[in-house]
Amino acid sequence: MTDAQQTHVVLVGHGMVGQRFLEALTEAEPRPPGLRITVLAEEPRRAYDRVHLTSWFSGTTAEELSLCGDGFAAEHGIDIRLGDPVETIDRAARTVTTGAGHTVGYDTLVLATGSYPFVPPVPGHDTPGCFVYRTIEDLEAIKAAADRARIGVVVGGGLLGLEAAGALTAMGLDTHVVEFAPRLMALQIDDGGGRVLRRKIQDLGVTVHTGAGTRAIVDRAGRVAGMVLSDGTELAADLVVFSAGVRPRDQLARAAGLAVGERGGIVVDEYCRTADPHVLAIGECALAVDGRVYGLVAPGYAMAEVAARQLVAGPPDPDRTFTGADLSTSLKLLGVDVAGFGDAHGVAEDCVEVLYSNPQAGVYKKLVIGADGRLLGGVLVGDADAYAQLRPLTGGPLPVPPEQLVLPTAAGPRVRLALPDTAVVCSCHGVAKGTIRAAVTEHDVVDVPGVKRRTKAGTGCGGCVKLIGGIVTEELAAAGIETRRGLCEHFARYTRAELYEIVRVKGIGGFARLIDEHGSAEGPDADGCEVCKPAVGSILASLSGGHILDGEQAALQDTNDHFLANLQRNGSYSVVPRIPGGEVTPEGLITIGEIARDFGLYTKITGGQRIDMFGATVDQLPSIWQRLVAAGFESGHAYGKALRTVKSCVGQTWCRYGVQDSVALAIELELRYRGLRSPHKLKSAVSGCTRECAEAQSKDFGVIATAEGWNLYVGGNGGTTPRHAELLASDLDHDTLIRTIDRFLMFYIRTADRLERTASWLTRIEGGLDHVRAVVMDDALGICADLDELMGRHVETYEDEWAATLADPERVRRFVSFANAPGVPDPTVRFTPEREQIKPVLFERLEVRGR
Amino acid sequence: MGATGTTVETTVEIATGTGWVTICPYDRLTPGRGVAALIEGEQVAVFRTRAGELYALGNRDPFSGAYVMSRGIVGRRGEVPIVTSPMYQQAFDLRTGECLDEPTTPDGTPAALPTWRVRVRS
Ligand code: SRM
Ligand SMILES: Cc1cc2nc3c(=O)[nH]c(=O)nc-3n(C[C@H](O)[C@H](O)[C@H](O)COP(=O)(O)OP(=O)(O)OC[C@H]3O[C@@H](n4cnc5c(N)ncnc54)[C@H](O)[C@@H]3O)c2cc1C
Ligand code: SF4
Ligand code: FES
């Protein structure tokens, strides 16, 4: 085709695959001379994201779903004609004719006509109130009907049917799913998985009928009134959605004498060519060489690339063919994780299945292992975390015993598998691990956004992003590429600990001087970023005290510190007064209750033995705190990388087992370290005896009473990677205990990285716990006097941040929603009632994630 | 969109299409931070960089839907002046509103903030 001076490519169908074909065609460099492109489309709009069609129900607009912006066609000189389907192809004359009667000539015709939803020909299937689920117009019709309907029935319990059921449930319909097969998602998962999935779907309020066919639709007064199932039962229904599979739209090709498969699909070779060299077919309408029609977008995209490549690069490239793809799917459906990959049903000869099933917990995991030990496939329901690692390993040997991969984390260690370079990590875009590694090693990519930009991996369903992150980190470490030792590009030469030393030794009091003297860039344009600014803000606060909102410091704080409150998902804030040791008087409780009531805040007892009040707007924060401060409360620093809480158990005073006054010590510690800014948050607890009711061993520093004194544990945390604290010293008397904690904290603040909690700090630093013990107990580095002095200064200069804020009108002035309209509250922060309190009204946003 | 102002007694203004609306005195803006403004029912985030330039973008964070962009941290990535969303930390180019980290939000919509014209008037 490259020999022709003028090449006219005509694309029939502007769906997802058609659009990808256009992109691949126009991205080619150099652009083939004389290339002209015309698109003939049936739908009234340009290509849109059908995969995320359901998000239309949760507010995503048609414009937002669009895959082809206004500029695309113009920029590339593509003539897109909408709303006029092609009706005939004249292969001899090389023309097509549309429904409106236009005839268009072509040099190459590309058919990307997709599929149509299959509607079983049961009596009444076209009664008003029956719908399919494929286009935006379909959804508009369903929505209009749902407004007047109470009960909805979805015919088909596959991927799409369950998605449609989710949409109906979300619109408030009493929803049923009728599936002919004995289980849900019969294609992707097996019986056991189906049972667990069914239970989970039913828990969500959807009634599931499996092994049930549809015999007829009941028509009452010209509208759907119900459905008769194959066993004769009748279901009442006001609305029916057919989602019983799709069929390739191959009629055009069939009528033009091109071969189609027995069960449909335009026959193509590995280059997506039909028997007519001037006609190609791609996407869901094509029958690939492996005898399959693919109803997923990733294989369609692969075909689009193959087809485009021949048109721009001349003779077919044997390295770029489409011979098949796997049907792996992972989705978060109605909030349920489901994944099926490879030989999910275990059809291979002599294969064995390794299975973990816990219907109570709603978890089902199965791996299919070949006779030779290779991983052939699997099914994961309820916990599909392992999917991202397992799918790329399919077809290869398993590096660890299979049971380790299916057992729940509590029973077996979570394993990380080494993937071969050829393993496809991102199936949406067909990106192999080797390509991602190359992006790091050869193209200086250092993070996930970089990988996305360079390789497109991770920009489809998003399911592979976690894995990509792991590969990048591993690669940076392995290649010995300085894993950017520095804090960020603005302080590339220094770690956080080094900056701390610089600030301390030179007595630097502000960001400007630090970046001017030690930053990587020069000139007045030099500025920091979201990484270094809060880190430097924290160092300045640890060392020099002063109010964190004064002068230059104000610009360094993230939004929580900047408003001395925690940002919530709707843009409102939470308020947490300090309740040292968890001890509070009845008056204190009443005051908090009154304030929360008067401002209409949601209240909750936190996991840290205090009370959180949610739903305050920035304008309300000063007035709320005015009342809290007047009642004697102080900031709880729930927003800061600082001491959070020191939890206590009730201890010796009341408890018959207690051997020390744990409450008194907890209060003392909380008051001593309140307001102490650190690389990450600090948590503590004090238990009155070894029964450990305060969970001190899960804290950054925890204290447990003994008959002799106190045991001090350090480096514990809960959170994502829980770690038990380790015993630093035993049977300490009160003063030694305090001194040891002082030094431990100051040593940590001095040497830890940004956002490194004590647990990871202890495991990272050379010598670990023994080294820390030598430093803080035996003064091995000779810095204890310094550490003591720094802590002494902190204790002396502490002042309540909120009281200090309220005392200064300049500081209070920041607390407005709008600079040009002080006093006007943010109208987008709204609430609805729930369980006699409020909850935020969420912004319209896709809730079905991870696909 | 960039404008520089140093003298006192100057005000920050935003173009509405039909004219300019006053936001606040220039000195009220903290270098390296933003404020939100309400302009004919729309929320605009106005930023002053450390070097003194002004930028105005839509206040809605496209990833969370919340109107919080004005509360993000202002800084630079390479040559690009940025603001980082306080909700999930994606960075946006202050000049164009484009997101530097992810081209689209999880539901597939483009992740760009609208830009507004902003100036300083004495
Ligand atoms: C309110 C609370 C949940 C609750 O309703 O109980 C909570 C809420 C938040 N936690 Fe927590 N955590 C709360 C107790 C905990 C606990 C339990 C505890 O402290 O005993 C843990 C596990 C223990 C631990 O930290 O080791 C906990 C582990 C986390 C983590 C994971 C930390 C880690 O090292 O992996 C984060 C993320 C972080 O800090 O980076 C986090 C972060 C958050 C943030 C700040 C997330 C955010 O940025 O918005 C939440 C904001 C709260 C707010 O707006 O007020 N929260 N969080 C609890 C407040 C305690 C308090 O009174 O201050
Ligand atoms: C609700 C829903 C959820 C989905 N979820 C997923 C998912 O999670 N993962 C996944 O991989 N896939 C999913 N899919 C499938 C995915 O959308 C398809 O695989 C993909 O759209 C196929 O692209 P295509 O271009 O081949 O077909 P289509 O996108 O259907 O485009 C074909 C276009 O051709 C037009 N056309 C047909 N005949 C003519 C004609 N004669 N003249 C002119 N135009 C014509 C049609 O009107 C249509 O616009 C989902 C589909 C739906 C409906
Ligand atoms: S566990 Fe997660 S969701 Fe719950 S409060 Fe903590 S951070 Fe928020
Ligand atoms: S698998 Fe990578 S984006 Fe879908």
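The written sequence of each chain sets the order in which its residues are numbered from 1. Chain letters and ligand numbers both follow the written order, the letters beginning at A and the numbers at 1. Per-residue local features of the predicted model are confined to residues with pLDDT of at least 70, and side-chain atom pairs are confined, for both listing and counting, to 80 or more; whole-chain, interface and lining totals are unaffected and use all residues. Side-chain figures throughout are based on the complete set of non-hydrogen atoms in the structure, without hydrogens or water.

- Chain B goes by Nitrite reductase small subunit in an unreviewed UniProt entry, where it is assigned to Embleya hyalina.

- Named according to an unreviewed UniProt entry, chain A is assimilatory sulfite reductase (ferredoxin) originating from Embleya hyalina.
- UniProt positions are given in the numbering used here, feature names are shortened, and annotations may be inferred rather than shown by experiment. The heading Catalytic activity (unreviewed entry) in the UniProt record of chain A holds the text "hydrogen sulfide + 6 oxidized [2Fe-2S]-[ferredoxin] + 3 H2O = sulfite + 6 reduced [2Fe-2S]-[ferredoxin] + 7 H(+)".
- Per its UniProt entry, chain A bears the Function (unreviewed entry) comment "Catalyzes the reduction of sulfite to sulfide, a step in the biosynthesis of sulfur-containing amino acids and cofactors."

## Things to note about the sheet that holds strand β5 (residues 54-58) of chain B
Residue and element names in this part refer to chain B.
Okay, so step 1: Two strands are said to pair when DSSP picks up at least two bridges between them. In this description a helix means any DSSP run of H or I spanning at least four residues, a strand means any run of E spanning at least two, and both kinds are numbered starting from the N terminus. Across the sheet, which stays open at both edges, the 4 strands sit in the order β3-β4-β5-β9 with antiparallel pairing between neighbours. Whereas interior strands pair on both sides, the edge strands pair on one side only; in this sheet they are β3 (33-39) and β9 (115-116).
Okay, so step 2: Across 7 bridges, the pairing between β3 and strand β4 (residues 42-48) is antiparallel. In the sheet register, Ala37 faces β4, and the bridge partner there is Val44.

## Some remarks on the nonpolar core
All names here are of chain A.
Okay, so step 1: Throughout this description, the term nonpolar core refers to a set of buried Ala, Val, Leu, Ile, Met, Phe, Trp, Tyr and Cys residues connected via side-chain atoms within 4.5 Å. Accessible area is worked out with a 1.4 Å probe on protein chains only. A residue is then buried under 20% of its type maximum, exposed over 50%, and partly exposed in between. Core analysis: the largest hydrophobic core is formed by 61 residues, its most contacted members being Leu669 and Tyr673.
Okay, so step 2: A per-element tally of this core places helix α21 (residues 734-751) first, with 9 residues.
Okay, so step 3: Where each domain starts and ends comes from a domain assignment, either automatic or drawn from a database. When residues of this core are sorted by domain, at least three fall in each of domain 4 (489-557) and domain 5 (566-797).
Okay, so step 4: Residues count as neighbours in contact if any of their non-hydrogen atoms are within 4.5 Å of one another. Residues within four places of Tyr673 in sequence aside, it is in contact with Leu643, Phe701, Ile738, Ile741, Asp742, Leu745, Met791 and His794.

## Topic: unusual backbone geometry
Okay, so step 1: One non-glycine residue, Ala221 of chain A, adopts positive backbone phi at about 55°.
Okay, so step 2: Relative accessible area serves as the criterion here: at 82%, Ala221 of chain A is assigned to the exposed category.
Okay, so step 3: Positioned with a positive phi, Gln89 of chain B is a non-glycine residue whose angle comes to about 70°.
Okay, so step 4: Within the secondary structure layout, Gln89 of chain B lies in the loop between β7 (80-84) and β8 (91-93).

## Examining the packing of helix α18 (residues 586-599) of chain A against helix α19 (residues 621-630) of chain A
All names here are of chain A.
Okay, so step 1: To obtain each axis, a line is fitted to C-alpha atoms, and for helices this fit is confined to the stretch in contact; angles are then taken between N-to-C directions over 0 to 180 degrees. Direction vectors running N to C along α18 and α19 enclose 160°, while the axes themselves pass 10 Å from each other. Taken together, the axes of α18 and α19 are roughly antiparallel relative to one another. Here α18 runs over α19; the crossing is right-handed. Touching Ile592, Glu594, Ile595, Asp598 and Phe599 of α18 are Ser623, Ile624, Arg627 and Leu628, all from α19.
Okay, so step 2: Looking at the contact of α18 with α19 residue by residue, the classes come out as 5 nonpolar, 1 polar and 3 charged. Working rule for angles: under 35 degrees goes down as roughly parallel, over 145 as roughly antiparallel, 65 to 115 as roughly perpendicular, anything else as oblique. For any helix crossing, the convention is left-handed if the near helix is rotated counterclockwise from the far helix by under a right angle, and right-handed if that rotation is clockwise. Three classes are used: nonpolar for Ala, Val, Leu, Ile, Met, Phe, Trp, Tyr, Cys and Pro, charged for Asp, Glu, Lys and Arg, and polar for all others, with Gly counted as polar.

## Comments concerning the environment of Val196 of chain A
Okay, so step 1: Following the sequence through the fold, Val196 of chain A ends up in helix α6 (residues 191-203).
Okay, so step 2: For Val196 of chain A and Asn358 of chain A, which are 162 residues apart along the polypeptide, the C-alpha to C-alpha distance reads 8.4 Å.

## Comments concerning the pattern of salt bridges
Residue and element names in this part refer to chain A.
Okay, so step 1: We define a salt bridge as a side-chain nitrogen of Lys or Arg found within 4 Å of a carboxyl oxygen belonging to Asp or Glu. Inspection of the entire model under this criterion finds 51 salt bridges over all chains.
Okay, so step 2: As a salt-bridge pair, Arg811 and Asp550 come within 2.5 Å of each other at their nearest N and O atoms. Of this pair, Arg811 sits in helix α26 (residues 809-812) while Asp550 sits in the loop between α16 (532-544) and α17 (559-563), placing them 261 residues apart in sequence.
Okay, so step 3: Through salt bridges with shared partners, a single ionic network connects Glu501, Arg504, Arg750 and Asp786.

## Some remarks on the interface of chain A and chain B
Okay, so step 1: With 50 residues of chain A at the interface, the matching set in chain B holds 44 residues.
Okay, so step 2: Summed over both partners, the accessible area (1.4 Å probe) lost when two parts come together is defined as the buried area. At the boundary of chain A with chain B, total buried surface from both sides reaches about 3,700 Å², with 51% on carbon and sulfur atoms.
Okay, so step 3: Linking chain A with chain B are 3 salt bridges.
Okay, so step 4: By the criterion applied in these results, polar contacts are pairs of N or O atoms within 3.5 Å in which, for protein atoms, one can donate a hydrogen and the other can accept it, and in which residues neighboring in sequence qualify only through two side-chain atoms. Counting the contacts that link chain A with chain B gives 15 residue pairs in polar contact (both at pLDDT 80 or more).
Okay, so step 5: Breaking the side of chain A that touches chain B down by element, the ones donating at least two residues are α12 (448-455), α15 (511-518), α16 and α17 of chain A.
Okay, so step 6: Its residues assigned to classes, the side of chain A that touches chain B comprises 20 nonpolar, 14 polar and 16 charged.

## A look at the packing of aromatic side chains
Residues and elements named next belong to chain A.
Okay, so step 1: In summary, the pairing rule links any two rings of Phe, Tyr or Trp, Trp by its six-membered ring, whose centres are within 6.5 Å, and it sorts them by plane angle into stacked for under 30 degrees, edge-to-face for over 60 and tilted for everything else. Inspection of every chain in the model, using the stated rule, returns 15 aromatic pairs over all chains.
Okay, so step 2: Ring plane angle 70° and centroid distance 5.5 Å describe the contact between Phe563 and Phe815, whose orientation is recorded as edge-to-face. Of the two residues, Phe563 sits in helix α17 while Phe815 sits in the loop between α26 and β37 (831-834), which places them 252 residues apart along the sequence. Judged on exposure class, the residue Phe563 and its partner Phe815 are both buried.

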